[in-house]
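Notes for the structure review
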Amino acid sequence: MTTMPKGMPVTTNALQAAGIYPTLAERYVGSGWLTRLGRGVYQRTGESLLLHPTLRVLEGRVSGLHIGGKTALDWYGIRQYVAINPVLLIYGWDAFRLPAWFTLMFPAEYRRKRLFDENPQAMLGVQPYRDAPDGAMTSDPERAFLEMLSEVGTRQTLDEARELAQTTDTLRHEELQRLLHACRSVKTVRLALTLGRELELPWVAALVVRELPTGSRSRWVARSKNGTIVLKP
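Read on for an overview of the structure. Think of each chain on its own: its residues are numbered from 1, step by step along the sequence as written. This being a predicted model, a pLDDT of at least 70 is required before a residue's local features are given, and a value of 80 or more before pairs of side-chain atoms are given or counted; all residues contribute to the totals for chains, interfaces and linings. To obtain the side-chain values, all non-hydrogen atoms of the structure were included, while hydrogens and water were left out.

**A short note on the pattern of salt bridges**
Defined as follows: Any carboxyl oxygen of Asp or Glu within 4 Å of a side-chain nitrogen of Lys or Arg constitutes a salt bridge here. Put simply, DSSP marks the helices as runs of H or I at least four residues long and the strands as runs of E at least two long, and each gets a number from the N terminus on. Only protein chains enter the area calculation, which uses a 1.4 Å probe; residues under 20% of their type maximum are buried, those over 50% are exposed, and those in between are partly exposed.
Under the defined criterion, the tally for this structure stands at 16 salt bridges. For Glu47, the salt bridge identified is with Arg44, shortest N-O distance 3.1 Å. For Glu151, the salt bridge is made with Arg111, and the minimal N-O distance between the two is 2.4 Å. With Glu151 in the loop between α6 (141-149) and α7 (158-165) and Arg111 in strand β6 (residues 108-112), the pair connects residues that are 40 residues apart, well separated along the chain. Residue classification places Glu151 among the buried positions, given a relative accessible area of 3%. One network of salt bridges, with partners in common, ties together Glu109, Arg111, Glu151 and Arg155.

See the structure below:
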């Protein structure tokens, strides 16, 4: 019990690896050593869960699970304002419902998304936060920017996306080129180019646009409650 990382939920798999099987785990609950969070998940009594170790446990349940979009941008300081009650945006490859015990402690939304041609075991532009050994898997700023743009017209307003784009002058054009080349969403590619040109961001001039999947020569049009979005090739 003392060898488990601080602030990490205790799963039945971890307990069994230590020779503690369900019957004994229930005795630990009865004796007050463990508190049951949900099916197959416990918390050491008197210890608060920490976000990053807890996310690492969820990563073992869902392919490609990572912090992305506006949350990752915010973590890297790319924001217009500091949210009072931020909601974590968590992305993954599989259909998944965040456990109630998790969202009670860490308000969050889960979004299933496959935006790039990639392997979930080696995703593009995703790595442990700040390269910390126990850091949760997190999108780099370039990938987070594209994840945010991919939701314009659905969960994301164009006005806010434009405001956030104004703060992306430090994005690496080489990484954006790689991600845009592998992007499955023509809308996302076109929107990145459109905002980059409109705001005269330094990275857009360095992109090799002819190598990017911008789709056919027709316009891309989408209608939402926030209005109509028209993106030229």
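**Describing the pairing of strand β3 (residues 41-44)**
Put simply, the rule is: Between any two strands, pairing holds if DSSP finds at least two bridges.
Neither face of β3 is exposed, since Val41 and Gln43 on one face and Tyr42 and Arg44 on the opposite face are all buried. Pairing of strand β1 (residues 10-11) with β3, which is carried by two bridges, proceeds in the antiparallel orientation. Residue pairing for β3: Val10 is matched across the bridge by Tyr42. Two elements, strand β2 (residues 34-38) and β3, share four bridges in a ladder whose sense is antiparallel. Bridge pairing in β3 links Arg36 to Tyr42. Hairpin remark: β2 followed by β3, antiparallel, with two residues in the connecting loop; positive phi at Gly40, about 75 degrees.

**Description of the pairing of strand β5 (residues 88-92)**
How we decide: Clockwise travel from the first strand over the helix to the second, with the strands pointing away from the viewer, marks a crossover as right-handed.
Most of β5 sits inside the fold, with five of its five residues counted as buried. Side chains Leu88, Ile90 and Gly92 project from β5 onto one buried face, and the interleaved Leu89 and Tyr91 project onto a second face that is buried too. In terms of strand pairing, strand β4 (residues 66-67) meets β5 through two bridges, oriented antiparallel. Residue pairing for β5: His66 is matched across the bridge by Tyr91. Here five bridges tie β5 to β6, and the two strands are oriented parallel to one another. Within the sheet, the bridge partner assigned to Leu88 lies in β6 and is Ala108. The parallel pair β5 and β6, bridged by helix α5 (residues 100-105), forms a crossover whose chirality is right-handed.

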